[in-house]
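Architecture at a glance
Residues per chain, in single letters:
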Amino acid sequence: MVFIFMNIMDLLWVQGTCINAVISFQKHFQAQESDVILATYPKSGTTWLKALTFTIMNRSRFELQNSPLHTTTLHQLVPFLEFDLYLNHQSPNLECFSAPRIFATHVPHALLPGSILNSSCRIVYVCRNPLDQFISEWLFIARTQDKEPSDLAEAFERACNGIQFFGPIWEHALCYWKASIEQPDKIFFLKYEDLKEDIASCINRLADFLGCPLSEEEVTQGVVEEISKLCSFDYIKNLEVTKTGRAYANGVKNSHYLRKGEVGDWKNYLTPSMSERLEKIIEEKLAGSVTKS
Ligand code: A3P
């Protein structure tokens, strides 16, 4: 499969095959007040965020040991708006999703439908160190194509020019970051590295933001640790549904979404001059904003 990148409205680069889906989603999606939209840059921890959000929001509906997460593809529980739902439909039937609905998207903030921006539905954004994101994406593409990774230098050159799915990454993260500062009750901004460093605190903050905070009783009973374990890399990677299932609609295997789940794996691939170059670009583009801890 060859990916043709196209530039929409000087805003972002997308895979040619999903332009119509992005446009249909943007034109037709009607958000409900109770919706939660998980907005991420690809390969930044979307799958992890789907597991955490689904589990936190549904913990009074399903006991954790009976969570559908044990048996159902995460990408079915929390589908992508542009890849799954709007890929071949201008108006997909969303009636099977009961409120509060949780959807995912990689679409940048500037292209979100008005009904998301203007309603009181909530957005959770997760971003990741662009060096790790780049390596994760480069290897993901190879895995999904069952091929050796493409030429690293070429892929890296494109990434430095912002030419990646839904790139440039710095525009994507910066717009969501600014919106999260302006509307902290609407947009919750998370970093993959923070999830790795202190998952318990992130679960608590996420639950607060989503309007379903953990009670003192739940904290005492160890519910935070249980959520963390249920959504952990090792646990999800070893589920039968991950080993054998395929992500809804696009046919990619569930196992492709879980590789190593580490911070700093880029060091095993990028030369010092490559990392310095990309770090410099990121620093210039994001200085004083997203990169602040
Ligand atoms: P690596 O390729 O660095 O391992 P996305 O879900 O946005 O496609 O991102 C995929 C990246 O998140 C992959 O990174 C994957 O291994 C990691 N990931 C997926 N699930 C995870 C989890 N539960 N915990 C930590 N990392 C996870």
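Scope of this entry: the structure provided in the associated data block. (Residues numbered from 1 in each chain as written. Predicted model: local features only at pLDDT ≥ 70, side-chain atom pairs only at ≥ 80, totals over all residues. Heavy atoms only, no water.)

For the structure on display, the rule yields 15 aromatic pairs. Aromatic pair Trp 138 and Tyr 269: ring centres 5.9 Å apart, planes at 80°, arrangement edge-to-face. Of this pair, Trp 138 sits in helix H6 (residues 130-145) while Tyr 269 sits in the loop between helix H14 (240-244) and helix H15 (272-286), placing them 131 residues apart in sequence. The class of Trp 138 is buried, set by a relative accessible area of 10%. A network of ring pairs unites the aromatic residues Phe 25, Phe 29, Tyr 86, Phe 97 and Phe 103 as a single cluster. Residue placement shows Lys 50 over the ring face of Phe 80; its charged tip is 3.8 Å from the ring centre. Its guanidinium or amino end placed over the ring of Tyr 192, Arg 128 lies 4.1 Å from that ring's centre, counting from NZ or CZ. (Phe/Tyr/Trp six-rings, centres within 6.5 Å; stacked < 30°, edge-to-face > 60°. Helix = DSSP H or I, 4+ residues; strand = E, 2+ residues; numbered from the N terminus. Buried < 20%, exposed > 50% of the residue type's maximum accessible area, 1.4 Å probe, protein only. Lys NZ or Arg CZ within 6 Å of the ring centre and 35° of its normal.)

Scanning the model with the defined rule gives six salt bridges in all. Of the charged contacts in the structure, one is a salt bridge between Asp 35 and Arg 101, with a shortest N-O distance of 2.8 Å. Residue Asp 35 is found in the loop between helix H1 (19-28) and strand S3 (36-40), and its partner Arg 101 is found in the loop between helix H4 (81-85) and strand S4 (102-105); the two are separated by 66 residues along the sequence. By the burial criterion, Asp 35 is buried, and Arg 101 matches it. Across the pair Lys 260 and Asp 265 runs a salt bridge whose closest N-O atoms are separated by 2.7 Å. Taken together, the salt bridges that share partners define one network made up of Arg 259, Lys 260 and Asp 265. (Salt bridge = Lys/Arg side-chain N within 4 Å of Asp/Glu carboxyl O.)

To continue, consider the site of the ligand. The immediate surroundings of the ligand are formed by 17 residues, with Lys 43, Thr 46, Thr 47, Ser 136 and Lys 260 found nearest. Take Tyr 192: an N or O atom from its side chain is 2.8 Å from a nitrogen atom of the ligand. In isolation the ligand exposes 560 Å². Once the protein is present, 98% of that is buried. Take the shell around the ligand: its biggest share by element is three residues, from helix H2 (residues 46-57). Among the residues making up the shell around the ligand, the classes are represented as six nonpolar, seven polar and four charged. (Near = heavy atom within 4 Å. Polar contact = N/O pair within 3.5 Å; in protein donor to acceptor, adjacent residues only side chain to side chain. Areas by Shrake-Rupley, 256 points an atom, 1.4 Å probe, with all protein chains shown as cover. Nonpolar A, V, L, I, M, F, W, Y, C, P; charged D, E, K, R; others polar.)

Another aspect to go through is the environment of Asp 185. Following the sequence through the fold, Asp 185 ends up in the loop between helix H8 (169-182) and strand S6 (187-191). Taking the relative accessible area as the measure of exposure, Asp 185 reaches 70% and is therefore exposed. In this structure, the C-alpha to C-alpha distance between Asp 185 and Leu 52, residues 133 residues apart in sequence, is 19 Å. Those residues in contact with Asp 185 that lie beyond four places of it in its chain are Arg 122 and Phe 209. (Contact = heavy atoms within 4.5 Å.)

Quick look at the pairing of S6 now. Among the five residues in S6, five count as buried, and that is most of the element. Of the two faces of S6, the one lined by Ile 187, Phe 189 and Lys 191 and the one lined by Phe 188 and Leu 190 are each fully buried. Both strand S5 (residues 122-127) and S6 contribute to a ladder of five bridges, which runs parallel. Residue pairing across strands places Ile 123 opposite Ile 187, the latter belonging to S6. (Pairing = 2+ DSSP bridges.)

Time to look at H6. For an α-helix, the turn length of 3.6 residues means that residues three or four places apart are oriented alike. Along its 16 residues, H6 runs 22 Å from first to last C-alpha, staying within 8% of the 22 Å computed at 1.5 Å per residue. Its side-chain oxygen placed 2.9 Å from the backbone nitrogen of Leu 131, Asn 129 serves as the N-cap of H6. Two residues or fewer after H6 comes Asp 146, characterised by a positive phi angle close to 55°. (Expected span 1.5 Å × (residues − 1).)

Most of S5 sits inside the fold, with five of its six residues counted as buried. When S3 meets S5, the two strands line up parallel, connected through five bridges. Bridging across to S5, Ala 39 finds its partner in Tyr 125.

Looking now at the nonpolar core. Judged by nonpolar contacts, the single largest core of 100 residues is most densely connected at Phe 29 and Val 124. In this view, Val 124 contacts Val 36, Ile 37, Leu 38, Ala 39, Leu 49, Phe 188, Leu 190, Leu 206, Phe 209 and Leu 210; residues no more than four positions away in its chain are not counted. (Core = buried A, V, L, I, M, F, W, Y, C linked by side-chain atoms within 4.5 Å.)

Take the sheet that holds S5 next. Pairing within the open sheet is parallel, and its four strands lie in the order S4-S3-S5-S6. Each edge of the open sheet is held by one strand with a lone partner, namely S4 and S6. Geometrically, the sheet is characterised by an average inter-axis angle of 20° between neighbouring strands, direction not taken into account. Sheet strands touched by H2: S3, S4, S5 and S6. Its angle to S3, the strand with the most contacts, is close to 160°. On top of the sheet, helix H10 (residues 199-209) reaches S5 and S6; it is set at about 165° to S6, its chief contact. (Axes fitted to C-alpha atoms, helices over the stretch in contact; angles between N-to-C directions.)

Treat this as a map of the structure, not an account of what it does.
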